[in-house]
Amino acid sequence: MQHFPIFLTTAGQRVVVSGGGAAALAKLRLLMKTEARLDVFATDPAAEIRRWDAEDRLSLVERDLIAGDVNGALLVYAADEDEVADARTADLARAAGILCNVVDNLDASAFITPAIVDRDPVTIAIGTEGAAPVLARRIKADLEARLPASLGVLARIGKAFRATAEALPAGRLRRGFWDRFYAETGPRAYDRDGIDGVQPALQDLFAEYSHDGGTTAPRKGHVAFVGAGPGDPELLTLKARKALDSADVVIHDRLVTAEILELARREATIIDVGKEGFGPSTPQADIDMLIAAHARAGAHVVRLKSGDSTVFGRLDEEIEACEAAGVAWTIVPGITSASAAVASIGQSLTRRGRNGSVTFLTGHDIRGFAEQDWTRLAAPGSVAAIYMGKAAARFLQGRLMMHGAGPQTPVTVVENASRPEEKILGTTLAALPQTIGDAALDGPALILLGLAPRRAAAMLTDLEKEFA
Ligand code: SAH
């Protein structure tokens, strides 16, 4: 190890930066996170540096660094991005016995600045001794994704509670208490109620542990309603991945793909409550019961639904079942298939001058084919994302045309949006039932009313121009 990592105390200290360009800016952004006083010397400072000076976040001196300037500083950064100027700064620092970093010059530097993952007060420094900055960036990106943004808040609140927690016997019990706070109670409270929820949750947990020594403190179950997105595992949110990482039980729909289920914790119990359009399915009441029962037994349940669980997902019934059972729950939003489908055809769901609103509608509901505000949907320029619409194609066509929609209204069917087997069928309202019939689709399909795939739409306009 050529470089030894330490964490420097910066409160009340002075850090000197020579330079006012990109390199200086990059270092200043990091340094401004500390409590050090920053003195910047630059003849031609970037606008941001002037602004920070005006905001009193640093003090700017508009001239070159000279001998006396570095006196008493904790650190000096040579960031002029000019060999001669940087060498001069390094000499001045060395003469005054102050550690100096020459930006992008490992050999001339007395110290180097690591890549930082900042969850203050938790700080992770990553260094590769200049060997592989790309690797450092990758490790940083990985950690940034893995560590919840709430980590810093939890650590701060935890720190303030340490004295109180001393009341618990040292050793396994107290460790267990903290472990549960950081792994479970804290993040969940933060997700549910934000910062304000953390302190009360910590207090409750402490009360539980002090009451019976934590020996019988029941592990509290929890249900996360997680949107799994349209199928591509890369379209999962980071929160969804984290929930899968820590799930005891995953209860999922038929449309959730195998690749996504693969991501669940290895020890998790996976339960398929798949609902086949008209085929066998688990009755909703049984699903509600299953979710609540597992959570009441103390499990961390992930209820995984395709797309976004708030869109045609019967979410409210399941939430009500949790509430009735006294089980805590959270919703993790996902990418709904309408978003994935328009992305695939290169279109927007809304567009200035075309449609200021978009309708998400279902082809059939519990009573059969679903009635809608057909007049509005049939109006020129209207856009709708139709879920569960395959079997309702003829019905939809009939209703829309009866209310005045043009037979040439563009319609696009996107089957298996975002998945490798994705299929895009550009058609018109007049040809919709035929198109769907001919294609013999067997995957989930979304019908986009009023939208044509971008390329086809462009070709059509060209043709129209030609024949105009
Ligand atoms: N909550 C889901 C919708 C559930 S209803 C969401 O937000 O996407 C089920 C319907 O969603 C299917 O009948 C189909 O219309 C649509 N759907 C789900 N996944 C799809 C996909 N990958 N491609 C196209 N449509 C999909």
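Residues numbered from 1 in each chain as written. Predicted model: local features only at pLDDT ≥ 70, side-chain atom pairs only at ≥ 80, totals over all residues. Heavy atoms only, no water.

(A) Main features of the site of the ligand. Near the ligand you find 18 residues, and of these V311, T336, S337, A417 and A445 are the closest. Contact between the ligand and D308: an oxygen atom at 2.9 Å from a main-chain N or O atom of the residue. A distance of 2.6 Å is found between an oxygen atom of the ligand and a side-chain nitrogen or oxygen belonging to S337. Relative to its unbound accessible area of 540 Å², the ligand is 92% covered by the protein chains. Across the shell around the ligand, the residue classes tally to eleven nonpolar, five polar and two charged. (Near = heavy atom within 4 Å. Polar contact = N/O pair within 3.5 Å; in protein donor to acceptor, adjacent residues only side chain to side chain. Areas by Shrake-Rupley, 256 points an atom, 1.4 Å probe, with all protein chains shown as cover. Nonpolar A, V, L, I, M, F, W, Y, C, P; charged D, E, K, R; others polar.)

(B) Representation of the packing of helix 10 (residues 284-296) against helix 11 (residues 315-325) in the model. The contact between helix 10 and helix 11 brings their axes to 9 Å, and the two run at 40°. Here helix 11 runs oblique to helix 10, going by the angle between their axes. Between helix 10 and helix 11 lies a crossing whose hand is right-handed. Of the residues in helix 11, those touching helix 10 at Q284, I287, D288, I291, A292 and R296 are E317, E318, A321, C322 and A325. Residue classes in the contact of helix 10 with helix 11 are distributed as six nonpolar, one polar and four charged. (Axes fitted to C-alpha atoms, helices over the stretch in contact; angles between N-to-C directions. Helix = DSSP H or I, 4+ residues; strand = E, 2+ residues; numbered from the N terminus. Parallel < 35°, antiparallel > 145°, perpendicular 65-115°, else oblique. Left-handed = near helix turned anticlockwise from the far one by under 90°. Contact = heavy atoms within 4.5 Å.)

(C) Representation of the domain arrangement of the protein in the model. If you check the domain split of the protein, you get domain 1 (14-113), domain 2 (151-214), domain 3 (222-335) and domain 4 (338-466). Taking only C-alpha atoms, the centre of domain 2 and the centre of domain 3 are 27 Å apart. (Domains from an automatic or database assignment.)

(D) Summary view of the pairing of strand 2 (residues 37-41). Of all five residues that make up strand 2, four are buried, and the element is covered over most of its length. Examined bridge by bridge, strand 1 (residues 14-18) and strand 2 share five bridges and lie parallel to one another. Across the sheet, V16 pairs through a bridge with D39, a residue of strand 2. After leaving strand 1, the chain enters helix 1 (residues 22-31) and then returns to the sheet as strand 2, a path that is right-handed. Pairing geometry for strand 2 and strand 3 (residues 59-61), over three bridges, is parallel. Following the sheet pairing, V40 is matched in strand 3 by L60. As a crossover connection, the stretch from strand 2 through helix 2 (residues 47-54) into strand 3 is right-handed. (Buried < 20%, exposed > 50% of the residue type's maximum accessible area, 1.4 Å probe, protein only. Pairing = 2+ DSSP bridges. Right-handed = clockwise from strand over helix to strand, strands pointing away.)

(E) Just a nonpolar patch on the surface, in detail. On the surface, M1, F4, I6 and L8 cluster together into a nonpolar patch covering about 540 Å² of accessible area. Turning to its location among the elements, M1 is positioned in the segment before strand 1. Accessibility expressed as a relative area gives 83% for M1, which makes it exposed. (Patch = residues over 30% accessible without salt bridge, like charges linked within 9 Å, V, L, I, M, F, W, Y side chains within 5 Å. Salt bridge = Lys/Arg side-chain N within 4 Å of Asp/Glu carboxyl O.)

(F) Quick look at the pairing of strand 16 (residues 383-387). Within strand 16, five of the five residues are buried, which leaves the element mostly enclosed by the surrounding structure. Residues V383, A385 and Y387 point to one face of strand 16 and A384 and I386 to the other, with burial holding for every one of them. Sheet topology note: the strand 13 (residues 358-362)/strand 16 ladder contains five bridges and is parallel. Bridge pairing links T359 to A384 in strand 16.

(G) Just the pattern of salt bridges, in detail. Scanning all chains against the criterion turns up 25 salt bridges. In this structure, E55 and R51 form a salt bridge, with 3.8 Å as the shortest nitrogen-oxygen distance. Residue E55 is classed as partly exposed on the basis of its relative accessible area of 40%. One salt bridge connects E144 with K140, and the closest N-O pair in it is separated by 2.9 Å. Taken together, the residues E144 and K140, both in helix 4 (residues 133-146) and four residues apart, mark about one turn of the helix. Among the residues examined, K140 registers a relative accessible area of 27% and is labelled partly exposed.

(H) Seen up close, the packing of helix 5 (residues 151-165) against helix 6 (residues 172-193). Direction vectors running N to C along helix 5 and helix 6 enclose 140°, while the axes themselves pass 11 Å from each other. In terms of orientation, helix 5 and helix 6 fall into the oblique class. The element helix 5 and its partner helix 6 pack so that their crossing is right-handed. Facing helix 5, whose interface residues are V153, L154, A155, G158, K159, F161, R162 and A165, helix 6 presents R174, F177, W178, F181, Y182, G186, P187 and Y190. Taken together, the residues that form the contact of helix 5 with helix 6 break down as eleven nonpolar, two polar and three charged.

(I) Local environment of helix 3 (residues 83-95). The end-to-end C-alpha separation of helix 3 is 18 Å, in line with the 18 Å expected for 13 residues at 1.5 Å each. What helix 3 keeps buried is the set A85, D86, T89, A90 and A93. Projected onto a plane normal to the axis of helix 3, the buried residues spread over an arc of 135° and lie on a single side. Residues of helix 3 that are exposed and point over 90 degrees away from its buried face: E83, V84, R94 and A95. Looking at the buried residues of helix 3, the elements they touch are strand 1, strand 4 (75-78) and strand 5 (99-102). (Expected span 1.5 Å × (residues − 1). Arc of directions from axis to C-beta.)

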